[in-house]
Amino acid sequence: MTALGVAAAVNAGERTARSVAEDYLDRISKGDGEIGAFNLVLAEEALADADRIDAAVGRGEPVGPLAGVPVALKDNLCTRGIPTTCSSRMLEGWRPPYSATVVQRLRAAGAVIVGKTNLDEFAMGSSTENSAFGPTRNPHDTSRVPGGSSGGSAAAVAAGFAALALGSDTGGSIRQPAALCGVVGMKPTYGRVSRYGLVALASSLDQIGPFGTNVADAAACYEAIAGHDPLDSTSIDQPVEPVGKALTDGVEGLRVGVVAELCGGRPQEAHLAGTDGSAASGVEGVAGDVLSRVQDAAEALEQAGAEVRTVSVPSAVLGLSAYYLIAPAEASSNLARYDGVRYGLRVDAANAAEMNVNTRTAGFGAEVKRRIMLGTYALSAGYYDAFYGKALRARTLMLQEFATVYEDVDVLLCPTAPTTAFELGAKTADPLLMYLNDVCTIPSNLTGHPAISVPFGRGDDGLPVGVQVMGPALSERLIFRVAAALERTAPGDGSTP
């Protein structure tokens, strides 16, 4: 049953929230030992919440649009009194004194939180193999990764352990695992969803968003969490435009641009309107079967009435380089607070300086240490302008070029991930190879624009492929509309393991 189907049944009294929660908790109990999606299952809390919802339904009180819907939370979202680890030894035993705004809004909408999901430590990774608690496995093929860093949330939805999940997206960490796990994953406009209570990685890039088995469920989750929050200084103080009602509008007359640089710089087929046969230099490593699915998606939108053309955003190829200077720089600053004094782990020593070194050495994993060192170097005297400053200029150029492209098209289309899910351990020895998994998703983080990944068929290996729809700032209604149109035309079922 879909998330909206669960909510309708609970609100109508056709099912109890407790029976729904029991069903999902049973699935987790039976299946998560193999998948490893959860760091913590909140069985008692979930059943207590479900009972409260059932009591409210029995009294005839409004419960909310997500009544009784089981939701999983990425374990970098603060939950009051409940361990929040970021999959790191550094936060061992830490229980936040408050809950993230998005958690409060989900509960207000009637959702039932079933657990906290695994992630790459402090959200640094693309495969959920950097967790201190072990890797998460892809439900479609347990020898493969689920993507990352929100791999636990994506796997939980794909495996049927939760109807919805929340993740965080700093460079693609919602959309990339959504693509690899065959579910829908969406990153809102920066500031559209409150970051209050999200453990920060890179504050100018982080954003919280939903996972769902279909576009309508993800849209309902987005509507529940979006909106202004005075506790987040970067929150946009504008009303949220409902997106659910636009899902059946179709794409007749919309202008869709296929981004050449994010499709390997290869020429598109001649039947795509506006193609002149030229190809700009593009990102490397996008697999042929993934490009074929993007081509199929473009054709499907064209057949549905959209005007499809190839467009060029030359600076998109700079995204990976700029990101891996900006994000580590911000991370090195944000993670300085983990000093053995205020949070979690403390490794005692003869003096405070040694205690700080010992704690950070024991508490952080290899990838986190790598990015802290990279970011500290980029911010150091003598290198700031040469590295961090140039990265910021590249980001500005990207904003300008995307703004220019959006004058001619309404949305953009490209791959979400360059390949289907790869084998566990295949890229852990080569950080650059791992970083390339985010090459198509990073541009939307650098610009702050919304984007969504939709399952669209399968690759040559039979694993799901996701296509990405990007739009200008505050175009959530539009990208959900296009995503729904793609979902209706997707070949077969790319989501069910």
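In this text, all values refer to a predicted model and were calculated from it rather than measured experimentally.

A.B. asks: I'd like a description of the pattern of salt bridges, backed by residues and values.
C.D. replies: Within the structure shown, the criterion is met by 19 salt bridges. Residue E241 is joined to R477 by a salt bridge in which the shortest nitrogen-to-oxygen separation is 3.8 Å. Separated by 236 residues along the polypeptide, E241 in the loop between α7 (215-225) and β7 (255-259) and R477 in helix α15 (residues 476-489) bring together distant segments of the chain. The exposure class assigned to E241 is partly exposed, which follows from its relative accessible area of 44%.

A.B. asks: So what's going on with the environment of V409? Which residues, and what values?
C.D. replies: Relative to the assigned elements, V409 resides in the loop between α12 (384-405) and β9 (411-415). Along the backbone, V409 and G257 are 152 residues apart, and their C-alpha atoms lie at a distance of 6.0 Å. Once residues lying within four places of it in the same chain are set aside, the contact partners of V409 are R255, V256, G257, R309 and V311.

A.B. asks: So what's going on with helix α4 (residues 101-108)? Which residues, and what values?
C.D. replies: Along α4, the positions that sit buried rather than exposed are T101, V102, V103 and L106. Looking at the buried residues of α4, the elements they touch are β2 (70-74), β3 (112-117), β4 (164-168), β6 (208-212) and α7. G110 occupies a position one or two residues after α4 and carries a positive phi of about 95°.

A.B. asks: Any chance you could break down the nonpolar core for me, citing the residues and the numbers?
C.D. replies: By size, the foremost hydrophobic cluster in this structure holds 153 residues, and its most contacted members are L106, F122, L301, L413 and F480. Considering every element that reaches this core, the biggest residue donor is helix α9 (residues 319-334), with nine residues. Discounting residues that sit within four places of it in the chain, F480 has contacts with M186, V215, A218, A219, Y222, V243, L247 and I452. Membership of the second largest hydrophobic core comes to eight residues, among which are A179, L180, M434 and L463.

Calculation criteria
Residues numbered from 1 in each chain as written. Predicted model: local features only at pLDDT ≥ 70, side-chain atom pairs only at ≥ 80, totals over all residues. Heavy atoms only, no water. Salt bridge = Lys/Arg side-chain N within 4 Å of Asp/Glu carboxyl O. Helix = DSSP H or I, 4+ residues; strand = E, 2+ residues; numbered from the N terminus. Buried < 20%, exposed > 50% of the residue type's maximum accessible area, 1.4 Å probe, protein only. Contact = heavy atoms within 4.5 Å. Core = buried A, V, L, I, M, F, W, Y, C linked by side-chain atoms within 4.5 Å.

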